[in-house]
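A look at the structure
These are the residues of each chain, in order.
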Amino acid sequence: MSKKEEKPYILSRPLTLIYKLPISKTLPFWEGLKQGKFMTTKCKKCGRITFPPQADCPSCYSSEVEWVELSKEAELVTATAIMVKPSSFAQEETYIVAVAKLKEGPKAVGWLKGVKPDPAELKEKIKPGMKLKVETIVPKEGSPYYVFVPA
Ligand SMILES: [Zn+2]
């Protein structure tokens, strides 16, 4: 007698990962976003402004850093539309990631909103050097964040 084999089956369902990240040294950045401020750190010894915020200065290695508010003014360095998304952003529409040079000097990576992630529109409307501004977003759920938008 042949034993009836049970077929293996696959059940698909989304899994949510909750990451616990220590943010004590970057807390003013997150608190700032909630208040519409774009904060980072500045070295008290050599004056270097870093982004993202750093506990130690990458130039002179001093740990004497202070919090400063950034102007939210930036210039586009480069941008690209992300169509192949990481699993954590799988539910998102195609989005644009930009590298921008902040008025204060450091470069920052962020989403570029206010432009359709369409190749024709990207080529026509997005140019290196174009003026951007930083907008702070406080979602109903999850952490506050920032995006770039055309100025
Ligand atoms: Zn320094």
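A short tour of the structure in this document, coming up.

Definitions and cut-offs
- Residues numbered from 1 in each chain as written.
- Predicted model: local features only at pLDDT ≥ 70, side-chain atom pairs only at ≥ 80, totals over all residues.
- Heavy atoms only, no water.
- Pairing = 2+ DSSP bridges.
- Helix = DSSP H or I, 4+ residues; strand = E, 2+ residues; numbered from the N terminus.
- Donors = N, O, S within 2.8 Å, 3.2 Å for Na, K, Ca; no water.
- Tetrahedral: all angles 85-135°; square planar, octahedral: opposite > 155°, others 65-115°.
- Buried < 20%, exposed > 50% of the residue type's maximum accessible area, 1.4 Å probe, protein only.
- Phe/Tyr/Trp six-rings, centres within 6.5 Å; stacked < 30°, edge-to-face > 60°.
- Core = buried A, V, L, I, M, F, W, Y, C linked by side-chain atoms within 4.5 Å.
- Contact = heavy atoms within 4.5 Å.
- Arc of directions from axis to C-beta.
- Salt bridge = Lys/Arg side-chain N within 4 Å of Asp/Glu carboxyl O.

Take the pairing of strand E7 (residues 131-137) next. By the bridge criterion, three bridges tie strand E4 (residues 73-82) to E7 in an arrangement that is antiparallel. Across the sheet, alanine 74 pairs through a bridge with leucine 132, a residue of E7. Where E7 meets strand E8 (residues 145-150), six bridges bridge the pair, whose relative direction is antiparallel. When the bridges of E8 are listed, threonine 136 appears paired with tyrosine 146.

On to the coordination of the zinc ion. Surrounding the zinc ion are the protein donor atoms Cys43 (SG), Cys46 (SG), Cys57 (SG) and Cys60 (SG), which sit 2.3 Å from the metal. Taken together, the four donor atoms coordinating the zinc ion span angles of 100 to 119° at the metal, a pattern that classifies the geometry as tetrahedral. Every donor residue of the zinc ion comes from the same chain, spaced as C-x2-C-x10-C-x2-C. Judged by relative accessible area, cysteine 43 falls into the buried class, the value being 3%. For cysteine 46, a relative accessible area of 41% puts it in the partly exposed group.

Using the criterion set out here, one finds ten aromatic pairs in the structure. With a centroid separation of 5.9 Å and 65° between ring planes, the pair formed by phenylalanine 29 and phenylalanine 51 is classed as edge-to-face. One end of the pair, phenylalanine 29, is in helix H1 (residues 27-34); the other, phenylalanine 51, is in the loop between strand E2 (49-50) and strand E3 (65-69), and 22 residues separate them in sequence. Note on accessibility: phenylalanine 29 and phenylalanine 51 belong to one class, buried. When the ring of phenylalanine 38 is compared with that of tyrosine 146, the centres are 5.0 Å apart and the planes differ by 55°; the resulting orientation is tilted. Within this pair, whereas phenylalanine 38 is found in the loop between H1 and strand E1 (39-43), its partner tyrosine 146 is found in strand E8, the two being separated by 108 residues in sequence. Classification of phenylalanine 38 by relative accessible area gives buried; the value is 0%.

Residues Phe38, Phe51, Leu102, Leu132, Tyr146 and Phe148 are the most contacted members of the largest nonpolar core, which totals 22 residues. It is strand E5 (residues 95-102) that provides the largest number of residues to this core, a total of four residues. Ignoring sequence-local partners within four residues, the contact set of leucine 102 consists of Phe38, Phe51, Leu70, Glu73, Ala74, Ala108 and Phe148.

Read from one edge to the other, the open sheet built from three strands follows the order E2-E1-E3, with strand pairing classed as antiparallel. Whereas interior strands pair on both sides, the edge strands pair on one side only; in this sheet they are E2 and E3.

Moving on to H1. Of the positions making up H1, those classed as buried are Phe29, Gly32 and Leu33. An end-on view of H1 places all buried positions within 100° of arc, on one side of the element. Trailing H1 by a residue or two, glycine 36 shows a phi angle of about 80°, which is positive.

Going through the model one piece at a time under the given rule, you end up with four salt bridges. The partner of glutamate 31 in a salt bridge is lysine 34, and the shortest N-O contact between them spans 3.5 Å. In this pair, glutamate 31 and lysine 34 are both assigned in helix H1, three residues apart and thus about one turn of the helix distant. The salt bridge involving glutamate 75 is made with lysine 131; its shortest N-O contact spans 3.0 Å. Of this pair, glutamate 75 sits in strand E4 while lysine 131 sits in strand E7, placing them 56 residues apart in sequence. Given a relative accessible area of 33%, glutamate 75 falls into the partly exposed group.

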